[in-house]
Amino acid sequence: MHDAHIASAFDRDLESIQALIMKMGGLVETAISDGAKALEMRDTELAGTVRKNDKLIDALEEQVATEVARVIAMRSPTAGDLRTVLSVLKISGNLERVGDYAKNMAKRTTVLSEMQPVNSTGASIRRMTKLVNVMMKDALDAYIQRDADLAADVRARDTEVDQMYNALFREFLTHMLEDPRNITPCMHLHFIAKNIERMGDHVTSIAEQVIYLVHGEVPEDERDKADSTSYVSTAG
Amino acid sequence: MLDDQKSMERVMADEDTKITAKGVDVFYGDTHAIKSVDVNIQNRAVTAFIGPSGCGKSTFLRCINRMNDTIDICRVTGDIHLDGQDIYARDVDPVQLRARVGMVFQKPNPFPKSIYDNVSYGPKIHGLAKNKAELDEIVEKSLRRAAIWDEVKDRLDAPGTGLSGGQQQRLCIGRAIATAPEVLLMDEPCSALDPIATAQVEELIDELRQDFTVVIVTHSMQQAARVSQKTAFFHLGNLVEYGETDKIFTNPEDPRTESYITGRIG
């Protein structure tokens, strides 16, 4: 296929939308890593920055939506162009949600920093965040390179995130059963862990958009879901 | 369950083939205009031929009612069957064939006669009406079918050339269907029309597929996407890709199709 459109303004439109996505992606990656760092270091100032910067991510999402609507109205994109604008719209939605989860992590950090740390859970959350952030980086790289194989790999990695979340869930339960004073911090930490697990789902959705963009079809095979916490009980 | 079965049957019935082309080559003198084209055109559906100028789509369209016979240097080889009958067989009269396979052209070309005469001419020469009353009925039915009856019923004696461009084109469609054809070929039928007249003709085309097999050549890809169920993409005399219109416009197989429909090659 030829790369450039005969109407070069169409290429510029598509490029500028994709630049917005990359800018959003960069901000979201930073939000995840800064959010995790703030939590670990009990750095309320950094947590404040994460909360503040979420507004930038939200604004970019709106800008993407406006631009996509304009391109659809003005250019009637088809085939690969159509899939590009549709996937851009979905990916920006996913990125915006991930940004919200990072912001929520930052909010809870402010509360948690005034409490006793619950031993060892900090490191587990840090590992989980790191994994999600690498997935995010790879998903965005896969998007830019139109690399469906890398996207499929990212999609498969979400199982690890789910497994980490399961382990953390049990760990929090144990701490709470041991000592009721752990309940407040563990509730906050659990929401953080759940939010990171949800970030993984959104990254997976981005990876699926890349596969759709490249192949024109979303993957049909049912993805392994390893989150089993819905069935955990402390009774008996 | 019963509904499912019915809709399955309908799909099966819709899938039948009206026109089969196999190994069709067309030469204009030394120029090889169509290169071994195979295609099955579906009954009672709209098939769009798209492709850049000079790709052979109009040439191929004109093979279907042997319009290329009228060009001295043009030579057609291969097989084209209409309902299983070889249309290039010796015993086929091209004039009779063209009554079965009607055609509408790029520029509306009404005869310099009254609106009534434009439509009644074909049925008259093919002996489709026994008397004036029957002919009147054919004219009214054809003009209604062409969605122009209400606009012209009070001035059937007025010249067809006095109508607006869009009305003239619908008159020509009415004229084409007056001989009760099975197939309607349309060679860029809207390229001389404004957007409103275009929308009216497109709406008409969509209605016509209830009764006719329609094959339309168009330069407007959006038009192909709007009116057709099947799309064939021609490039340099080859049929590059042929399939469901929604598939062609969302996820074409061939990179050349993708380049063309997304505006990357002219």
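Residues numbered from 1 in each chain as written. Chains lettered and ligands numbered in written order. Predicted model: local features only at pLDDT ≥ 70, side-chain atom pairs only at ≥ 80, totals over all residues.

Concerning the overall build of chain B
Of the regular secondary structure elements, chain B holds eleven helices and ten strands. A compact globule built from 266 residues would reach a C-alpha radius of gyration of about 18 Å, and chain B, at 19 Å, matches this within 12%. Split into buried and exposed, the 266 residues of chain B put 44% on the buried side. Within chain B, contacts between residues at least 6 apart in sequence are counted, and of these 68% link residues at least 24 apart. (Helix = DSSP H or I, 4+ residues; strand = E, 2+ residues; numbered from the N terminus. Rg over C-alpha atoms; globule rule 2.2 N^0.38 Å. Buried ≥ 20, exposed ≤ 12 C-beta atoms within 10 Å, placed from the backbone. Contact = placed C-beta atoms within 7 Å.)

Section: the overall build of chain A
In terms of regular secondary structure, chain A is built from six helices and zero strands. Taking 236 residues into account, the globule formula puts the C-alpha radius of gyration at 18 Å, and chain A, at 20 Å, falls close to it. Taking all 236 residues of chain A together, the buried fraction comes to 39%. Sequence-distant contacts, at least 24 apart, represent 82% of the contacts inside chain A between residues at least 6 apart.

Some points on the sheet that holds strand β1 (residues 17-28) of chain B
Residue and element names in this part refer to chain B. The four strands lie next to each other as β2-β1-β4-β5, forming an open sheet whose pairing is antiparallel. The sheet is open, and its two edges are formed by β2 (31-42) and β5 (85-86), each paired on a single side. In this sheet, β5 lies alongside strand β4 (residues 74-82) in antiparallel orientation, the contact comprising two bridges. When the sheet's bridge partners are listed, His-81 is paired in β5 with Asp-86. (Pairing = 2+ DSSP bridges.)

As for helix α1 (residues 8-41) of chain A
With 34 residues, α1 of chain A should cover 50 Å at 1.5 Å per step; its first-to-last C-alpha distance of 49 Å lies within 8% of that length. Immediately beyond the C-terminal end of α1 of chain A, within one or two residues, lies Arg-42 of chain A, with a positive phi of roughly 55 degrees. (Expected span 1.5 Å × (residues − 1).)

Considering the nonpolar core
Counting residues in hydrophobic clusters, the biggest one holds 123 residues, and the most contacted among them are Ala-139 of chain A together with Leu-184 of chain B. Once residues lying within four places of it in the same chain are set aside, the contact partners of Ala-139 of chain A are Ala-151, Val-154, Val-203, Ile-206, Ala-207 and Val-210 of chain A. (Core = buried A, V, L, I, M, F, W, Y, C linked by C-beta atoms within 7 Å.)

Side note on the sheet that holds strand β3 (residues 46-50) of chain B
Across a sheet, strands are paired by hydrogen bonds formed along the backbone, either parallel or antiparallel in direction. All names here are of chain B. Spatially, the six strands line up as an open sheet ordered β6-β7-β8-β3-β9-β10, and their pairing is mixed. Of all the strands in the sheet, the pair left with one neighbour each is β6 (101-104) and β10 (238-244). Ignoring which end each strand starts from, the neighbouring axes of this sheet average 15 degrees apart. Alignment of β3 against strand β9 (residues 230-235), held across four bridges, turns out to be parallel. In the sheet register, Thr-47 faces β9, and the bridge partner there is Lys-230. (Axes fitted to C-alpha atoms, helices over the stretch in contact; angles between N-to-C directions.)

With respect to unusual backbone geometry
All names here are of chain A. The phi angle at Arg-42 is positive, at roughly 55 degrees, despite the residue not being glycine. Tracing the chain through its elements places Arg-42 in the loop between α1 and α2 (44-75). Phi at Arg-146 takes a positive value of approximately 55 degrees, unusual for a residue other than glycine. Topologically, Arg-146 is positioned in the loop between α4 (121-145) and α5 (148-178).

Points about the pairing of β2 of chain B
Residues and elements named next belong to chain B. Across eight bridges, the pairing between β1 and β2 is antiparallel. Note that in β2 the partner of Val-24 across the bridge is Val-37. Between β1 and β2, which pair antiparallel one after the other, the connecting turn spans two residues, and Gly-29 there sits at a positive phi close to 60 degrees.

Regarding the packing of α2 of chain A against helix α3 (residues 79-112) of chain A
All names here are of chain A. Two numbers describe how α2 lies on α3: the axes approach to 9 Å, and their chain directions differ by 165 degrees. Classified by the interaxial angle, the pair formed by α2 and α3 is roughly antiparallel. For the pair α2 and α3, the crossing hand works out as left-handed. Split into classes, the residues belonging to the contact of α2 with α3 amount to 14 nonpolar, six polar and eight charged. (Parallel < 35°, antiparallel > 145°, perpendicular 65-115°, else oblique. Left-handed = near helix turned anticlockwise from the far one by under 90°. Nonpolar A, V, L, I, M, F, W, Y, C, P; charged D, E, K, R; others polar.)

Some points on the environment of Asn-40 of chain B
Here Asn-40 of chain B is to be found in strand β2. Beyond its immediate sequence surroundings of up to four residues, Asn-40 of chain B is in contact with Thr-17 and Thr-20 of chain B.

Some thoughts on the pairing of strand β7 (residues 183-187) of chain B
Residue and element names in this part refer to chain B. The buried count for β7 comes to five of five residues, which makes it a mostly enclosed element. Because side chains alternate across β7, one face comprises the buried residues Val-183, Leu-185 and Asp-187, and the other comprises Leu-184 and Met-186, equally buried. As a crossover connection, the stretch from β7 through helix α8 (residues 195-208) into strand β8 (residues 213-217) is right-handed. (Right-handed = clockwise from strand over helix to strand, strands pointing away.)

Some points on α5 of chain A
All names here are of chain A. Counted at 1.5 Å a residue, the expected span for α5 with its 31 residues is 45 Å, and the 46 Å between its end C-alpha atoms agrees. Residues of α5 that are buried: Ala-151, Val-154, Arg-155, Asp-158, Val-161, Met-164, Tyr-165, Leu-168 and Phe-172. Where the residues of α5 are buried, they touch α4 and α6 (183-215).

What to know about the environment of Val-161 of chain A
All names here are of chain A. Relative to the helices and strands, Val-161 resides in helix α5. The class of Val-161 is buried, set by 25 C-beta atoms lying within 10 Å. Along the sequence, Val-161 and Arg-127 sit 34 residues apart, while their C-alpha atoms lie 9.5 Å from each other. Not counting the four nearest positions on each side in its chain, Val-161 is found in contact with Met-128, Leu-131, Val-132, Glu-197 and Gly-200.

Brief notes about the confidence of the model for chain B
Counting all residues, the mean pLDDT for chain B is 91, and 94% of those residues have values of 70 or more. Ignoring residues within four places in sequence, the model shows residues 8-14 of chain B, a span with pLDDT below 50, making two contacts including any to other chains. (pLDDT = per-residue confidence, 0-100.)

Considerations on the environment of Val-218 of chain A
Residues and elements named next belong to chain A. Inspection of the secondary structure puts Val-218 in the segment after α6. A residue is classified by how many C-beta atoms lie within 10 Å of it, and Val-218, with 10 of them, is exposed. Excluding anything up to four places from it in sequence, Val-218 contacts Glu-208, Ile-211 and Tyr-212.

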